Amino acid sequence: MDALDAEGSTGGAGRAPGPPGALLTAARLFAAQVLRGQAQVTFLPSAVAGAVFCVALSAAGWEYGLYALVGTAVGTATARLLGVDHDRVSTGLEGFNACLTALCFAVFLGARHLSTALLAAAGCVVVTVVTAAVVRLLGTWGLPSLTLPYCLLASAATIAAPGFRHVWHGGESTAALATAATGSTALQPADAVRGFFAGFAQIFFMPQWYVGALLLLGLLVAGPRAAAVASLGSAVGTATAWALGAPAAQIADGTTGYNSVLVALALCGVFLPVRAATLAYALVGAATATVLGPAVAALFAPSGGHAFTWPFVLTTFVFLAAAKSFPALARSGVPRPGRGDTVTP
Amino acid sequence: MDALDAEGSTGGAGRAPGPPGALLTAARLFAAQVLRGQAQVTFLPSAVAGAVFCVALSAAGWEYGLYALVGTAVGTATARLLGVDHDRVSTGLEGFNACLTALCFAVFLGARHLSTALLAAAGCVVVTVVTAAVVRLLGTWGLPSLTLPYCLLASAATIAAPGFRHVWHGGESTAALATAATGSTALQPADAVRGFFAGFAQIFFMPQWYVGALLLLGLLVAGPRAAAVASLGSAVGTATAWALGAPAAQIADGTTGYNSVLVALALCGVFLPVRAATLAYALVGAATATVLGPAVAALFAPSGGHAFTWPFVLTTFVFLAAAKSFPALARSGVPRPGRGDTVTP
Amino acid sequence: MDALDAEGSTGGAGRAPGPPGALLTAARLFAAQVLRGQAQVTFLPSAVAGAVFCVALSAAGWEYGLYALVGTAVGTATARLLGVDHDRVSTGLEGFNACLTALCFAVFLGARHLSTALLAAAGCVVVTVVTAAVVRLLGTWGLPSLTLPYCLLASAATIAAPGFRHVWHGGESTAALATAATGSTALQPADAVRGFFAGFAQIFFMPQWYVGALLLLGLLVAGPRAAAVASLGSAVGTATAWALGAPAAQIADGTTGYNSVLVALALCGVFLPVRAATLAYALVGAATATVLGPAVAALFAPSGGHAFTWPFVLTTFVFLAAAKSFPALARSGVPRPGRGDTVTP
């Protein structure tokens with residue numbers, strides 16, 4: 001079913017491929033690494049899911065699909081060039097931060113500017129260096145790097161952008177003091193459903209519910225259990241935001257739910273095993289990340305920055321680091337290998 | 001003198017208590033853990049001091065006494081449920097961050113709202129998770145967690161609050177750019193004395209000098225030496241603020257002194273032994289924390305956040321981490337066991 | 001050539017000096033440590049370079065030369081008093097953060113105020129404590145402390161300053177929201193050259209190109225190779241800023257280049273060996289720090305803070321921590337001993 005993921009199996013058995021064959025094999029191998037890199041945004045080392053994600057992003061705009069694909073390729077190639085550990089590259093762990101970095105540049109600096117394309121490529125090179133640093137620093141505590149490298153680079157780049165006139169085409173800086181929420185909190189059922197799906201899309205900065213539905217399809221193809229956990233995460237995020245009185249418009253466009261999707265995945269199935277106890281823990285984490293969202297937004301607002309996936313990263317670090325002190329969770333076995341970010345001890 | 005602190009001694013010798021007796025014993029045990037949790041805000045594992053603190057907070061308003069007590073109980077119960085190390089629970093180390101978290105919600109979101117009570121309870125659950133994470137991360141350097149868990153959660157919650165309409169009843173967001181100090185710097189003797197006592201009260205967000213006086217009484221009961229060190233800390237904080245030209249009104253309401261109290265306690269008697277050298281070191285720390293106060297306030301102001309005990313936490317981390325490199329301080333023996341936050345290596 | 005650096009060689013061979021000789025020897029020793037402390041701002045343990053730096057700063061204003069010299073002396077003396085490791089003191093590693101701290105107070109609080117002088121002295125004592133803490137915390141990853149201690153203290157002090165009326169003589173607080181860059185981006189050749197030199201001067205907060213030229217002379221005297229690497233760093237910083245559309249006025253006064261100078265030095269010759277691969281790596285780092293500059297400035301602006309050398313510190317930490325994961329760089333041998341910040345494992 002997931003033939004692309006059987007790395008190296010295309011070389012035939014018992015005989016080495018000739019030069020054109022070797023080139024083709026190398027190209028297929030690289031393509032699979034890139035597609036897996038896209039899928040790793042949701043912790044899946046699956047080339048098929050990556051291909052579906054690519055379709056989903058292109059549905060929002062072909063340039064977004066292109067930026068994501070080329071960005072992941074640049075990141076993966078940089079990691080190979082610098083000699084990063086082969087396992088990390090082949091499971092796509094060197095691609096997902098670059099994928100999000102390139103998309104972030106496209107969305108916040110304008111995808112059609114040449115300057116954006118050049119900067120996105122440079123950003124994907126630098127984020128590979130940042131990834132290596134984060135993996136090493138967090139390795140002290142056995143914590144995974146998650147999307148921290150992308151958050152660091154994307155925050156720095158978008159906050160710096162208005163300072164450079166060839167980079168910033170958006171007029172005034174977006175820096176502003178945080179304000180109290182306004183707008184109706186009366187959530188229509190249709191908006192709740194739209195918010196549920198848009199939560200998946202906002203992981204990639206997209207507000208369209210159908211992009212989210214396609215992404216969920218990708219998850220479903222690669223791992224039904226992960227899709228179920230992610231759906232619960234999105235539902236908890238949406239419900240928490242509604243209960244606390246977030247504006248309905250923010251819920252409908254997925255702003256209040258995307259961090260919950262990622263937290264639920266990380267804490268139930270990727271870094272902790274799937275069990276009733278970890279599921280409950282993951283959903284508490286999903287609710288926590290929903291509250292953290294406006295806090296991070298308010299912290300960055302006066303500098304012109306955005307929340308990105310900071311709420312997910314910070315919540316997951318806290319809940320993962322704490323998990324080892326809670327015997328009820330710690331007793332529950334080891335996480336499945338090959339899923340998610342490997343940890344350098 | 002401190003009978004409540006003799007954990008388990010009520011069970012009698014040589015025979016197991018019957019079911020009602022067992023329940024009573026368990027309840028008394030839990031009550032002692034909760035009271036010790038309150039006292040651990042000032043590093044004291046003393047149930048008597050915790051009871052005095054409870055009276056002091058109730059003097060400022062019965063709802064504050066209630067929030068503090070129930071919050072500490074929720075935090076302590078959560079830690080027990082999650083299977084946290086027994087020693088941490090029984091010395092009150094799982095209660096003080098929850099105590100401050102609940103109080104912070106009451107003061108900044110309005111104690112009389114049902115939403116505040118529910119959120120405070122949820123906050124006390126989550127802060128227990130944050131505590132476990134912080135203990136693990138700081139364990140790398142042998143540093144105690146202090147009130148960092150509470151500072152993280154309280155900052156996130158108060159900054160996020162205006163984004164949720166069912167949570168925030170305060171009208172506009174409080175976010176504002178930092179401004180230069182205005183107002184008279186001429187400090188009347190009566191204001192200096194009021195500031196000295198209010199410094200104790202502001203640890204719990206209270207500006208009343210008599211609340212501070214009662215808290216100091218609690219310290220005095222549980223440990224006269226700690227009370228003396230804390231008083232020196234408050235005096236140094238007040239004097240530093242006055243010398244540098246802080247507005248007299250800020251000195252009088254304890255804003256400039258509460259971090260100094262905690263820094264002095266931590267660096268002389270809790271994590272470093274009581275000696276002339278460490279006392280001098282602690283008082284330099286107390287003065288440093290006084291200067292750090294307005295810096296932290298200005299950093300959080302544009303996002304609508306508050307300084308809480310961040311100046312104490314940051315100053316103490318720096319001075320404790322540095323202490324091991326200074327033979328004059330390091331030679332001075334080991335800190336007394338049972339006091340303050342134990343460190344997981 | 002660098003006679004001052006031959007520590008202790010003045011005592012003669014085979015006989016102990018008499019009391020006046022011993023005093024003179026001790027004074028010469030201390031003077032050499034202080035001068036080396038100044039030179040360590042650019043990673044040089046060279047008293048001669050420190051003396052040239054002193055002349056360069058005095059060219060900008062005698063009070064700046066004096067603050068730098070006395071500040072370095074206070075920091076070095078504090079470290080000796082507290083019993084810090086002799087090697088750190090004698091190579092000047094306990095002086096450079098104090099040097100920058102004192103200068104920062106002079107520039108941002110007004111050199112001619114008595115309050116500034118007293119606070120600068122206190123700051124140089126406290127920065128020694130901060131240095132010990134940072135060395136210990138970063139030792140976990142084998143990372144050097146760089147100018148992080150100074151950045152922490154200078155940021156805290158300058159942001160806090162407007163809160164104290166006897167400290168702040170500058171009227172309103174400088175806190176403001178970040179704005180998009182305005183002003184011409186057309187860079188005249190003369191301005192580019194001025195910016196190239198001013199990049200060296202801005203390490204010490206000075207905007208004059210001739211101060212930078214004198215500092216470069218100091219580098220040249222102590223290490224021609226370091227001077228070449230630093231020059232490349234300044235050129236890359238200036239060119240990156242120009243290509244991205246930074247305002248010409250900012251390039252001309254060195255604001256866009258000073259972090260690049262330090263990053264290039266750190267990553268090629270000090271903490272990584274001099275090779276083609278590390279030079280390329282260092283220049284990517286220099287470009288990264290140039291982009292990070294406006295980001296850090298925008299982050300601190302709403303609180304009234306400044307970028308200082310934060311962009312250099314953060315970029316260098318990331319690139320150094322990452323370097324160990326890149327075999328192409330890691331294979332290239334060990335850094336030369338005696339240069340730059342030693343690392344406590």
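Residues numbered from 1 in each chain as written. Chains lettered and ligands numbered in written order. Predicted model: local features only at pLDDT ≥ 70, side-chain atom pairs only at ≥ 80, totals over all residues. Heavy atoms only, no water.

Considering the overall build of chain A
- Scanning chain A from N- to C-terminus turns up 15 helices and zero strands.
- The C-alpha atoms of chain A give a radius of gyration of 20 Å, which matches the 20 Å a tight globule of 345 residues would have.
- Taken over the C-alpha atoms alone, chain A extends approximately 65 × 55 × 40 Å along its principal axes.
- Pairs at least 24 apart in sequence give 73% of the contacts found in chain A among residues at least 6 apart. (Helix = DSSP H or I, 4+ residues; strand = E, 2+ residues; numbered from the N terminus. Rg over C-alpha atoms; globule rule 2.2 N^0.38 Å. Contact = heavy atoms within 4.5 Å.)

Brief notes about the interface of chain B and chain A
- Of the residues lining the interface, 33 residues belong to chain B; the matching set on chain A comes to 39 residues.
- At the boundary of chain B with chain A, total buried surface from both sides reaches about 2700 Å², with 72% on carbon and sulfur atoms.
- The largest per-residue losses of area from chain B upon contact with chain A belong to R136, F164 and R165 of chain B, which jointly make up 23% of the total buried on that side.
- One can count zero salt bridges joining chain B with chain A.
- Inspection of the chain B/chain A interface yields eleven residue pairs in polar contact (both at pLDDT 80 or more).
- Going through the elements one at a time, α6 (114–139) and α7 (148–160) of chain B are the ones with two or more residues in the side of chain B that touches chain A.
- The element that contributes the greatest number of residues to the side of chain B that touches chain A is α6 of chain B, accounting for nine residues.
- Partitioning the side of chain B that touches chain A into residue classes produces 22 nonpolar, eight polar and three charged. (Buried area = accessible area lost by both parts, 1.4 Å probe. Salt bridge = Lys/Arg side-chain N within 4 Å of Asp/Glu carboxyl O. Polar contact = N/O pair within 3.5 Å; in protein donor to acceptor, adjacent residues only side chain to side chain. Nonpolar A, V, L, I, M, F, W, Y, C, P; charged D, E, K, R; others polar.)

Quick word on the side chain of S234 of chain A
Residue and element names in this part refer to chain A.
- On the secondary structure map, S234 appears in helix α10 (residues 224–244).
- With a relative accessible area of 0%, S234 lands in the buried category.
- Those residues in contact with S234 that sit more than four places away from it in its chain are G195, F196, G199, F200 and V261. (Buried < 20%, exposed > 50% of the residue type's maximum accessible area, 1.4 Å probe, protein only.)

Here's the deal with the pattern of salt bridges
Residue and element names in this part refer to chain B.
- This structure, assessed with the given rule, holds nine salt bridges over all chains.
- Of the charged contacts, one joins E94 and R88 as a salt bridge, the two residues approaching to 2.8 Å between their closest N and O atoms. R88 carries the same exposure label as E94, and that label is buried.

Observations concerning the interface of chain A and chain C
- Tallying the contact residues gives 33 residues for chain A and 39 residues for chain C.
- For the pair chain A and chain C, the summed buried surface comes to about 2800 Å²; carbon and sulfur atoms form 72% of the total.
- When the buried area of chain A at its contact with chain C is split by residue, R136, F164 and R165 of chain A rank highest and sum to 23% of it.
- At the surface where chain A touches chain C, the tally comes to zero salt bridges.
- At the boundary of chain A and chain C, one finds eleven residue pairs in polar contact (both at pLDDT 80 or more).
- Among the secondary structure elements, those contributing two or more residues to the side of chain A that touches chain C are α6 (114–139) and α7 (148–160) of chain A.
- In terms of residue count, α6 of chain A provides more of the side of chain A that touches chain C than any other element does, nine residues in total.
- Residues of the side of chain A that touches chain C, tallied by class, amount to 22 nonpolar, eight polar and three charged.

Quick look at unusual backbone geometry
Residue and element names in this part refer to chain C.
- Phi angles above zero are rare outside glycine, and F43 is one such case at about 70 degrees.
- The residue F43 is located in the loop between α1 (19–39) and α2 (47–60) in this model.
- Relative accessible area serves as the criterion here: at 7%, F43 is assigned to the buried category.
- Located in the positive-phi region is L146, a residue other than glycine, with phi close to 50 degrees.
- Mapped onto the secondary structure, L146 falls in the loop between α6 (114–139) and α7 (148–160).

Regarding the nonpolar core
- The biggest cluster of nonpolar side chains holds 333 residues, and the ones touching the most others in it are F204 of chain A, F204 of chain B together with F204 of chain C.
- Sequence-distant contacts of F204 of chain B, defined by excluding residues within four places in its chain, comprise V41, F53, L57, C99, L100, L103 and L215 of chain B. (Core = buried A, V, L, I, M, F, W, Y, C linked by side-chain atoms within 4.5 Å.)

Some words on the packing of aromatic side chains
Residue and element names in this part refer to chain A.
- Counted according to the given criterion, the structure contains 48 aromatic pairs over all chains.
- The interplanar angle of 90 degrees and the centroid separation of 5.8 Å between the aromatic rings of F43 and F271 together place this pair among those described as edge-to-face. Residue F43 is located in the loop between α1 (19–39) and α2 (47–60), and its partner F271 is located in the loop between α12 (258–270) and α13 (276–300); the two are separated by 228 residues in the primary sequence. Both residues of the pair, F43 and F271, count as buried.
- Taken together through their ring pairs, the aromatic side chains of F196, F197, F200, W209 and Y210 make up a single cluster. (Phe/Tyr/Trp six-rings, centres within 6.5 Å; stacked < 30°, edge-to-face > 60°.)

A word on the relation of the copies chain A and chain C
- For the pair chain A and chain C, the superposition axis carries a translation of 0.0 Å, the fit reaches an RMSD of 0.0 Å, and the rotation angle comes to 120 degrees. The superposition of one copy onto the other is thereby described by a three-fold rotation axis. Within chain A, P302 of chain A has its C-alpha nearest the rotation axis, a separation of 3.7 Å.
- Different-surface contact between copies: only 12% of interface residues of chain A are shared with the interface of chain C. (Least-squares fit on C-alpha atoms with pLDDT ≥ 70 in both.)

Regarding the relation of the copies chain B and chain A
- Rotating chain B by 120 degrees and translating it 0.0 Å along the rotation axis places it on chain A, where the RMSD comes to 0.0 Å.
- Take the interface residues of chain B: only 12% of them recur as interface residues in chain A, which is what a contact between different surfaces looks like.

Brief notes about a nonpolar patch on the surface
- Taken together, the side chains of W62, L66, L69 and V70 of chain A present a nonpolar region at the surface, about 390 Å² in accessible area.
- Within the element layout of this structure, V70 of chain A appears in helix α3 (residues 62–81). (Patch = residues over 30% accessible without salt bridge, like charges linked within 9 Å, V, L, I, M, F, W, Y side chains within 5 Å. Areas by Shrake-Rupley, 256 points an atom, 1.4 Å probe, with all protein chains shown as cover.)

Re the packing of helix α8 (residues 189–202) of chain C against helix α9 (residues 209–222) of chain C
Residues and elements named next belong to chain C.
- The N-to-C vectors of α8 and α9 enclose an angle of 70 degrees; their axes lie 7 Å apart at closest approach. Between α8 and α9, the angle falls in the class roughly perpendicular. Considering only the axes of α8 and α9, their crossing is left-handed. Between α8, through R194, F196, F197, A198, F200 and A201, and α9, the contact on the second element is made entirely by W209, V211, G212, A213, L215, L216 and L219.
- When its residues are assigned to classes, the contact of α8 with α9 shows eleven nonpolar, one polar and one charged. (Axes fitted to C-alpha atoms, helices over the stretch in contact; angles between N-to-C directions. Parallel < 35°, antiparallel > 145°, perpendicular 65-115°, else oblique. Left-handed = near helix turned anticlockwise from the far one by under 90°.)

Describing the environment of A282 of chain B
All names here are of chain B.
- By secondary structure assignment, the location of A282 is in helix α13 (residues 276–300).
- Along the backbone, A282 and A175 are 107 residues apart, and their C-alpha atoms lie at a distance of 33 Å.
- Beyond its immediate chain neighbours, meaning those up to four positions away, A282 contacts V263, A264, L267 and C268.

A closer look at α3 of chain A
Residues and elements named next belong to chain A.
- With 20 residues, α3 extends 28 Å between its outermost C-alpha atoms, agreeing within 8% with the 28 Å of an ideal straight helix rising 1.5 Å per residue.
- Looking at α3, one finds that the buried residues are E63, Y64, G65, Y67, A68, G71, T72, A73, G75, T76, T78 and A79.
- Taken together, the buried residues of α3 touch α1, α2, α4 (86–90), α5 (96–109) and α6. (Expected span 1.5 Å × (residues − 1).)

Some points on α5 of chain A
All names here are of chain A.
- Over its 14 residues, α5 runs 20 Å from end to end, which matches the ideal 20 Å to within 8%, given 1.5 Å per residue.
- With twelve of 14 residues buried, α5 is to be regarded as a mostly interior element.
- Buried residues of α5: F96, N97, A98, C99, L100, T101, A102, L103, C104, F105, A106 and L109, and no others.
- Summarising the contacts, the buried residues of α5 are in contact with α1, α2, α3, α6 and α7.

Digging into the confidence of the model for chain A
Residues and elements named next belong to chain A.
- In this model, chain A carries an average pLDDT of 90, and 90% of its residues clear a pLDDT of 70 or more.
- Looking across chain A, the model is least confident in helix α15 (residues 327–330), with a mean pLDDT of 77, and most confident in helix α14 (residues 310–323), with 98.
- Segment residues 6–14: pLDDT under 50, and nine contacts once partners within four positions in sequence are set aside and those in other chains are kept.
- Below a pLDDT of 50 lies the segment residues 332–345, which in the model reaches 33 contacts outside its immediate sequence neighbourhood of four places, other chains included.
- Predicted complex, confidence summary: ipTM 0.90, pTM 0.92. (pLDDT = per-residue confidence, 0-100.)

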